[in-house]
Every structure is written in C-alpha cells, then in structure tokens.
There are 2 protein chains.
Amino acid sequence: MNQIIPTPSLKRLPMYYRELIRAIDSGIRYMNSSQLGKVLGIPSTQVRKDLSYVADQGRPGVGYNTRSLADTLENFLGLPQPKNAVLAGVGNLANALILFPGFRHYGIHILYLFDNDPGKIGQELAGRPIYDIHDMAEIIHEQHIPIGIISTPSAAAQQVADTMIEGGVKSIWNFAPITVHATRNVFVLNQDLTVEMAILSFSTLHSDE
Amino acid sequence: MNQIIPTPSLKRLPMYYRELIRAIDSGIRYMNSSQLGKVLGIPSTQVRKDLSYVADQGRPGVGYNTRSLADTLENFLGLPQPKNAVLAGVGNLANALILFPGFRHYGIHILYLFDNDPGKIGQELAGRPIYDIHDMAEIIHEQHIPIGIISTPSAAAQQVADTMIEGGVKSIWNFAPITVHATRNVFVLNQDLTVEMAILSFSTLHSDE
DNA sequence: TAGATTGTTAATCGATTAACAATC
DNA sequence: TAGATTGTTAATCGATTAACAATC
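Definitions and cut-offs
Residues numbered from 1 in each chain as written. Chains lettered and ligands numbered in written order. Predicted model: local features only at pLDDT ≥ 70, side-chain atom pairs only at ≥ 80, totals over all residues. Heavy atoms only, no water. Contact = heavy atoms within 4.5 Å. Buried area = accessible area lost by both parts, 1.4 Å probe. Salt bridge = Lys/Arg side-chain N within 4 Å of Asp/Glu carboxyl O. Helix = DSSP H or I, 4+ residues; strand = E, 2+ residues; numbered from the N terminus. Near = heavy atom within 4 Å. Polar contact = N/O pair within 3.5 Å; in protein donor to acceptor, adjacent residues only side chain to side chain. Nonpolar A, V, L, I, M, F, W, Y, C, P; charged D, E, K, R; others polar. Pairing = 2+ DSSP bridges. Axes fitted to C-alpha atoms, helices over the stretch in contact; angles between N-to-C directions. Buried < 20%, exposed > 50% of the residue type's maximum accessible area, 1.4 Å probe, protein only. Least-squares fit on C-alpha atoms with pLDDT ≥ 70 in both. Domains from an automatic or database assignment.

## Structural notes on the interface of chain A and chain B
Taken residue by residue, the interface counts 66 residues in chain A and 66 residues in chain B. For the pairing of chain A and chain B, the buried interface totals around 6,000 Å² over both sides, and the portion due to carbon and sulfur atoms is 67%. Contact with chain B buries surface across chain A, with A:M197, A:L200 and A:F202 losing the most and accounting together for 12% of the total. Inspection of the chain A/chain B interface yields 2 salt bridges. Residues B:R18 and A:D192 are paired through a salt bridge, measuring 2.5 Å at the closest nitrogen-oxygen approach.

## Considering the environment of B:F100
Relative to the assigned elements, B:F100 resides in the loop between α5 (92-99) and α6 (102-105). As a C-alpha pair, B:F100 and B:D117 span 17 residues in sequence and 24 Å in three-dimensional space. Excluding its chain neighbours within four sequence positions, the residues that come into contact with B:F100 are A:L193, A:T194 and A:M197.

## Let's talk about the protein's contact with DNA strand C
Neighbouring residues of DNA strand C: 24 residues in total, closest B:S33, B:R48, B:G58, B:G61 and B:Y64. Expressed as a percentage, the sugar and phosphate content of the atoms of DNA strand C within 4 Å of the protein is 62%. Note that a base oxygen of DNA strand C is positioned 3.1 Å from one of the backbone N or O atoms of A:P60. Contact distances for DNA strand C include 2.7 Å between a phosphate oxygen and a side-chain N or O atom of B:S33. For the surface near DNA strand C, the elements supplying multiple residues, two or more each, are α1 (7-25) and α3 (44-52) of chain A together with α3 (44-52) of chain B. Taken together, the residues of the surface near DNA strand C break down into 7 nonpolar, 10 polar and 7 charged.

## Points about the sheet that holds strand β6 (residues 128-132) of chain B
Residue and element names in this part refer to chain B. If you walk across this open sheet you meet the 7 strands as β5-β6-β4-β3-β7-β8-β9, and the pairing is mixed. Where the open sheet ends on each side, the last strands, each with one partner, are β5 (124-125) and β9 (187-190). The strands that helix α7 (residues 136-143) touches are β3 (83-88), β4 (108-115) and β6; relative to β4, the one it contacts most, it runs at about 155°. Sheet contacts for helix α8 (residues 154-167): β3, β7 (147-150) and β8 (171-174); angle to β7, the most-contacted strand, approximately 170°.

## Re the pairing of β3(B)
All names here are of chain B. Counting buried residues in β3 gives 5 out of 6 residues, a clear majority hidden from the surface. Here β3 runs beside β7; their pairing, made up of 4 bridges, is parallel. Bridge pairing links L87 to I149 in β7.

## Things to note about the side chain of B:E19
Inspection of the secondary structure puts B:E19 in helix α1 (residues 7-25). What makes B:E19 buried here is its relative accessible area of 7%. When sequence neighbours within four positions are dropped, the list of residues in contact with B:E19 reads A:I178, A:T179, B:L36, B:V39 and B:L40.

## Focus on the relation of the copies chain A and chain B
Superposition of chain A onto chain B requires a rotation of 180° combined with a translation of 0.0 Å along the rotation axis, giving an RMSD of 0.0 Å. Accordingly, the operation relating the two chain copies is best matched by a two-fold axis. The rotation axis passes nearest to the C-alpha of A:A96 in chain A, at a distance of 3.2 Å.

## Quick notes on unusual backbone geometry
Residues and elements named next belong to chain A. We note that A126 has phi near 50°; this positive angle belongs to a residue other than glycine. Mapped onto the elements, A126 comes out in the loop between β5 (124-125) and β6 (128-132). Take A126: its relative accessible area is 41%, and that puts it in the partly exposed class. Non-glycine residue H144 carries a positive phi angle of around 50°. With respect to the helices, strands and loops of the structure, H144 is situated in the loop between α7 (136-143) and β7 (147-150).

## Observations concerning the domain arrangement of chain A
It is common to report an interface's size as the accessible area lost on association of the parts. Here chain A is described as being made up of domain 1 (7-77) and domain 2 (83-195). Using C-alpha coordinates to define each centre, domain 1 of chain A is positioned 32 Å away from domain 2 of chain A.

## Digging into the protein's contact with DNA strand D
The local shell around DNA strand D holds 25 residues, among which A:S33, A:R48, A:G58, A:G61 and A:Y64 are the closest. At 2.9 Å from a phosphate oxygen of DNA strand D is found a main-chain nitrogen or oxygen belonging to A:G58. Residue A:Y64 places a side-chain N or O atom 2.6 Å away from a phosphate oxygen belonging to DNA strand D. Of all the secondary structure elements, the ones that give two or more residues to the surface near DNA strand D are α3 of chain A together with α1 and α3 of chain B. Ranked by residues supplied to the surface near DNA strand D, first place goes to α3(A) with 4 residues.

## Examining the sheet that holds strand β4 (residues 108-115) of chain A
All names here are of chain A. Read from one edge to the other, the open sheet built from 7 strands follows the order β5-β6-β4-β3-β7-β8-β9, with strand pairing classed as mixed. Whereas interior strands pair on both sides, the edge strands pair on one side only; in this sheet they are β5 and β9 (187-190). As defined by bridge partners, strand β3 (residues 83-88) adjoins β4 across 6 bridges and the pair is classed as parallel. Across the sheet, residue A88 finds its bridge partner in β4, namely F114. Helix-sheet contacts for α7 involve β3, β4 and β6, and the interaxial angle to β4 is about 155°.

Structure representation (structure tokens):
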C-alpha cells in the first residue's frame, strides 16, 4: 500500500497523536521522545525513528512542540479531511460504533446504514434511516463514499465487501470474524475481536506469577 | 510473557482455528497449509512454521486433519477452560460486548458489571446486575475472577485497571483510548479503536488506484 | 511406488535499538 | 557556553521465506 513508512511505525503514529492531544489538553507545550515513549511503553529511539518518517520537527535539547507535532501527525493521517462511510449490518455492534464519539474526531462520518432484514429497513438507528442493502452499491457510487464498515454476520461479510468494492469504496473496516479479501486495490482492515479473545484466553492462563 | 511461541505466530493461531472450525462445519476433513494460508492471505510456509510451534500433526502428502488440529489449537489457546470476567464501564460498547456471541465460544464469561454512576448501579444490563465499582476489587478477589474488561472513558481507565490488578486479575482487555500499564505481571491488551480509525483514515486517502 | 505435502534448516529480509555527531 | 535531546547511521535482533530431505 505505502512505502512512505513501515507498517509498524504507521500503527504507532495514532498513539503518539493521541498522547499529544492529551498533553495539549493538560497545557503541556513540549514533550521529548522519552516522555512520549514512557506513556506508551515504547523506547525513545523508536519514537524518534517513527517521527522521522513524518517530519523533522524536534528541537534538540528541547523536544517536540506538542501542538505543532500533533498538527503534523493529524495531516499525515488525513484526519482533518472529512471521509464519509456506510455501515452494513445493523446490530448491537453497529449501535456501539455509530454512537462511538471517536469517529467524528477522526473525520469519519457514517452517513448510511444498510441491512437485508425487511423488519429493519425503513427504521432508524441513532437518527439515521436504515436502507435496503440492495441499494448500497448504487448509493456508494452516487455519493462517492470512500469507506465501508461491515458488522454483518460472517457468512455475509465477503459478499457485502464485494458489493462495497463494486460501489467504489477505497477502504473497508470489517468486524465480522472472517478474513475478507479485496478484489481491486482496496484497503481492508479485518478487525476480528474473536482473535483478540483467543489471545486473551491464552495470556490469562499463561500469566506467570 | 511467553517464549513458547513468537508473538506474531501466536496472533495467527486463532485465525487458523477459526478457519478450521468453518471447514469442519462444511464437512471438510483435511486441509493443507496452502489451503489454510489462502483463505487468510498467509504463505503456506508460514502456516507450517506457525503450526510447528503447537504440534506436529500434519501428514505429509495429505495435510492436516481439521478436527484434530482444531482440538490442538483449542487446547493450546485454553479455550475449553471457562474463564470468568468482570466488565467496568457500562455504556454502548459494554452492551455490544455482553451480547457478542463470541465470548461464550471462547470460554469467557462476563459475570459482573460495574459502574460508578449511581443512576446505573442497581440496574440491569442483559440480565446482569450493575454493581458499584467500589466493590469491584473485593468481588474479583473473592470470586477469583481472572479477566477484567475496561469500557470506561479514558480518564478512568488506568485507575480502574489498578483496581482490577489489586483484586487479582491475570489479564485486562482495555477498550478505552489510552495505553493502560500494569504494575504487577498482568497481561494487558490495549484495544484502542481510534488507532485503527486513524489507520483507516490514512489508508483511505492513500489507496492508490 | 509416485506424487504430494510436511517439518525444519539456512538464507533473507526488515524492524528495533545502540551509539553518537549535530544542534538547539 | 554547557547540557540536553534530536535525527540518523550502523549493528543487532527476530521474523519471514526458500529450499529440500523426510514421510505419508
């Protein structure tokens, strides 16, 4: 997908960003790589290395200006650009996601909800109407929606993904416990909570005193 | 935490398990490393390497018996052992988690819910009473609960984690957007969805046609 | 047996980390 | 200036992958 920055580094950037915002909210104007690393459990060398992919903003002897580094990361991650999204599969998880305060802050706006259950189509959830999934590809296409979120049962997930891709999304966030594959060059983030659950299970039993 | 198996391999085991269960449900009795790798987007060499940490069950020329490999993985991950859990912070996410069908299958049972909101304490959610968070450490201790799930706002998360650790949990699954640290030797899984959101944002804007 | 696929060694690749000159 | 911290090079570490003898 990108060669700008190694994937492990990319995954840490949002954490730096998150902590910088927290620091700014506490009135902290400068942080150095050791402080930033400490709250995240990351060595300071790695913090500097990661940040070097993004910008060279640090002041030797001083550290990083929290506001300006946060801005740099924000722009690098594309958070200020509004990005519309559709969500397919209206259940409990969908409900939690829609009400999740994070989305707005990260520029992601869930505009349309879809389901295939006639009992749900036409109803509302959190003020958003639920549409027939058969209309999804068309709406994605017409409205140029770049993000698809899948919270259907796993049996439906791949087909729903195909429909989203057909409509023209650029990325998919899949919560169904299955690895969804993209035909075209679409970014797919498979977020299977049962995988984490299994690791939690293993770790609970191996947490050696 | 463990030297039995490298962390990246450990994280793939639940996916193999998941696909094996799916295969079994479809009546498939054998799968080889290429087939298993294909559905997950993983090279067959890596599949074999990963599985070699767990057992040597494959039959050259044939592949893996789905039932027996699934059993091996299940036991390795500790899924059959019942593991009780408490959850702190009763909001929308908590609601989705409690109703998530996956937990039971992975042997995790959310027994007690806690909150600090007097308006919620004494109420019920999905048939479970909501207790005062001030009683959490004591209940964890008395009932020997090994897992703590955090779905509080981030400002409360570290303190809630400390209380869980004080009570004696062995592992913590934290959904608050903050990196929680463990004092003792407790496994902490920080599941910050805003991190994924930021990566989704970046990837959406960099999905090069 | 011939064909297929495993388990594992060794080579490759890429990420992390130590060290330090540059610089505020 | 002296002290602190950056950005980056080079060394280390560990994971992925290619290759192949062992084996069903």
